[in-house]
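# Architecture at a glance
Here are the chains, one letter per residue:
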Amino acid sequence: MNVSTTPYGAWLSPVDADSVAVGEALMEWVGFAGPEVWWTEVRPEDGGRNALMRHTASGPVDALPGWDVRTRVIEYGGRPWTALPGSTVDIVFSSYADGRAYRWREGAEPVPLSPAGGDVSVRHADFSVRGDEVFCLRETVFDAAATKVNRHLVALPLDGSAADDPGRVRVLAASHDFMTGPRVSPAGDRVAWLGWDHPAMPWDGTELLVAEVSADGTLGAPAVVLGGPAESVTQADWTHDGRSLLALTDRTGWWNLHRVDTAGTVTALCERDEEFGEALWRIGLRWALPLADSSTAVFHGTSGRTLGVLGTDGVLRDVAGPYTEWFYPATDGTRVAVVAAGPHHRRAVLLIDLATGAHEVLRQVAGTHDEYFSVPVHRTDTGPDGAAVHSHLYPPANPGHTGPDGELPPYVVFVHGGPTSRSHCVRNTEIAYFTSRGIGVVDVQYRGSTGFGRVYREGLRGNWGLVDVADCAAVARALVADRVTTADRIAIRGGSAGGWTAAVSLTSEPELYRAAAIYYPVLDLEGWRTRGTHDFESRYLDGLVGPWPQRRADYRDRSPVHHVERITAELLLFQGLDDTVCPPAQAEVLLAGLADSAVPHEYLTFPGEGHGFRRAATIAACLRAELRLYGRALGFTPAASTDAGPARSRAGCPGEGTKRWL
């Protein structure tokens, strides 16, 4: 291939917006159904439907065509299906369309297990089969904004008799404002679950509860066996023999693995300055898997993760392989099925033989244009107060182009959402859309991110809008100081909490960034706290900013809607009109403040999209709009045959709602 010397940002790339929108397959919620591996998979080309996939001898198959297998519990979702024991196909799942739990046996139509919601929205997740019932979390939502909610652990008869008779649904417990689904012990005589109450988030403090199951299936009084207001237990599962619980708790300052025996004795099994778990953003997440031989499959590390097996001798033996991130793992007792990715590998569903380390790829997106992907590297810079700030650097990469001598590429600072979360140092098609065109990306793991222990995670406590903004700015300035880019070629981009940090950065660092792409953001802390968001996050700001109303001045002073006059950079706002997490009102307040401003800005809205875009047309439209923005603001003209399209044009934006250019 001939290499052309071309200005950064103007490189020709085959990684187009449409292929990104449908090509970055999102595989989730892996499990075993008999000997088969199953998972859910988002279908952007099918309206964002979650297909329930099964791996057969002939390859992956959509098990339930037309069904959307997902749930909206706590708005971020949870584990939406489980298989009944046995070799035949027998599945319990949650339908997104009506929120009901269903049972499906191969050769028949799915039948409902739970009653219809009627005037309220009822959701089910995190199923666990016990005898002729399935235990699960039930969430009842009484208003469209999901602010009035109650949650119960319930038992649904597997014969479907509760579908038309709500009285057949047995309420098991309602111990906390928030709960995971009940984990049933192998003998069926005990259940365990996690619970926490407002204002705590699950990474602040949770409790692990255990209750005896009586002969009639009712639960005895639950006992708290682990956790508390300053200890986050993020997962608990019964050992394979049912004699004790394995729990991931951060009592050591890191989410490490512990055993809790029947007497309540807690024993650390592998104490390291590494994370073995993550923040519990979705109900039913797991990271440690009890195995049949009493060992445990674990995923451990800091900025990345390694698969290992912790033996009964306390020795952790890693399983060799090229993958550095692992999602939604499951086990049949000897093998692990998991979604995995790495710096050189896109997401794939793998089946791993732990005895030999052999990896079988069950599902992977076709590896087209692999040579156009940037290989990320981990970077550590120093923040303004001397603290370490971590990031993943994706330099421009394209085998057909190189930049002119003396020219440094533009860079976009990516800010992940959460904010108590992290992004992953892996091959990323969306990032390749930019890097293959000569635009570098730096993905900042600002303090408050997970992956680096509780102290790093709590660096944002009371400081949201301050520390995250300062850390992103420190990384951007370090790139300039290291001659990776220049001071006039930096933009910032983020969604949700990342959209907040991007927007605050425009008001706090008006000279640093030339443009911002802001997706479904938090922009007005007062409005978001008092009337703007759903129940799960309604008290999140107590930890991120401070108690309300005592810290009301901080809520107002940090909100970018009150400092619009400081914004000088071009910005794009993207908003789903069905978003209950960060409703459109957040963006509209900022737009009102910009009404008389000379700052160029666009507002793109998308009917039918919620918090996190799922439809192919939406994703592609947003990427094209971003590319146009960066070209205008960072001093390059995108290649004519790429997705850039004419500036300020509505062309090529299917699915788009209102759009305004001022």
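What you see as residue numbers is a count from 1 along each chain, following the sequence as written. Under the rules for a predicted model, residues below a pLDDT of 70 receive no local features and side-chain atom pairs below 80 are neither given nor counted, while totals for whole chains, interfaces and linings still include all residues. Side-chain numbers here rest on the full set of heavy atoms in the structure, without hydrogens or water.

Bringing the sheet that holds strand β9 (residues 111–112) into the picture now. Whether two strands pair comes down to DSSP finding at least two bridges between them. What counts as a helix is a DSSP run of H or I of at least four residues, what counts as a strand is a run of E of at least two, and both are numbered from the N terminus. Taken in spatial order, the 4 strands line up as β6-β7-β8-β9 in an open sheet, and their pairing is antiparallel. Only two strands of the sheet have a single partner each, and these edge strands are β6 (81–83) and β9. The pairing of strand β7 (residues 90–94) with strand β8 (residues 101–105) spans 5 bridges and is classified as antiparallel. Bridge assignment links Phe 93 to a residue of β8, and that residue is Tyr 102.

The contact between helix α4 (residues 467–481) and helix α5 (residues 497–508) brings their axes to 9 Å, and the two run at 75°. One finds that α4 runs roughly perpendicular with respect to α5. Across from Asp 468, Val 469 and Cys 472 in α4, the residues of α5 making contact are Trp 500, Thr 501, Val 504, Ser 505 and Ser 508. Fitting a line to C-alpha atoms yields each axis, with helices limited to the stretch in contact; the angle taken between N-to-C directions then spans 0 to 180 degrees. What sets the label is the angle itself: under 35 degrees gives roughly parallel, over 145 gives roughly antiparallel, 65 to 115 gives roughly perpendicular, and the rest give oblique. Whether two residues are in contact is decided by their heavy atoms, any of which lying within 4.5 Å being enough.

As a further point, take the sheet that holds strand β26 (residues 316–318). Read across the open sheet, the 4 strands follow the order β23-β24-β25-β26; overall the sheet is antiparallel. Each end of this open sheet is capped by a strand with a single partner; those strands are β23 (289–290) and β26. Pairing analysis gives 5 bridges linking strand β24 (residues 296–300) to strand β25 (residues 306–310), with the strands arranged antiparallel. Across the sheet, Phe 299 pairs through a bridge with Leu 307, a residue of β25.

Attention now goes to the pattern of salt bridges. Whenever a carboxyl oxygen of Asp or Glu lies within 4 Å of a side-chain nitrogen of Lys or Arg, that contact is scored as a salt bridge. A full pass over the atoms with the stated rule returns 50 salt bridges. Across the pair Asp 385 and Arg 447 runs a salt bridge, and its minimum N-O distance is 2.9 Å. Placement of Asp 385 in the loop between β31 (377–382) and β32 (388–394) and of Arg 447 in the loop between β35 (440–445) and α3 (453–457) is noted, with a sequence separation of 62 residues between them. Summary of the burial criterion: residues with accessible area below 20% of their type's maximum are buried, those above 50% are exposed, and those between are partly exposed, where the area comes from a 1.4 Å probe applied to protein chains only. Taking the relative accessible area as the measure of exposure, Asp 385 reaches 54% and is therefore exposed. Overlapping salt bridges, with partners in common, bring together Arg 72, Glu 75, Arg 123, Glu 139, Arg 151 and Asp 535 in one network.

Right, let's talk about the environment of Asp 579 for a bit. Mapped onto the elements, Asp 579 comes out in the loop between β38 (570–576) and α9 (584–594). Judged by its relative accessible area of 4%, Asp 579 is buried. In sequence terms Asp 579 and His 611 are 32 residues apart; their C-alpha atoms lie 5.0 Å from each other. With residues near it in sequence (within four places) discarded, Asp 579 still touches Tyr 520, Pro 584, Glu 609, Gly 610 and His 611.

On to the state of the cysteines, then. When the sulfur atoms of two cysteines come within 2.5 Å, that pair is taken as a disulfide. What the rule picks out here adds up to 0 disulfides. As a non-bridged cysteine, Cys 472 has Cys 425 as the owner of its nearest cysteine sulfur, 16 Å distant. In this structure Cys 472 comes out as buried when scored by relative accessible area, which is 0%.

Here the focus is α9. Every buried residue of α9 is accounted for by Pro 584, Gln 586, Ala 587, Leu 590, Leu 591 and Leu 594. Summarising the axial view, the buried residues of α9 lie within an arc of 155°, below the 170-degree limit, and thus occupy one face. What the arc covers is the set of directions going from the helix axis to the C-beta atoms.

Just distances and angles here, no functional claims.
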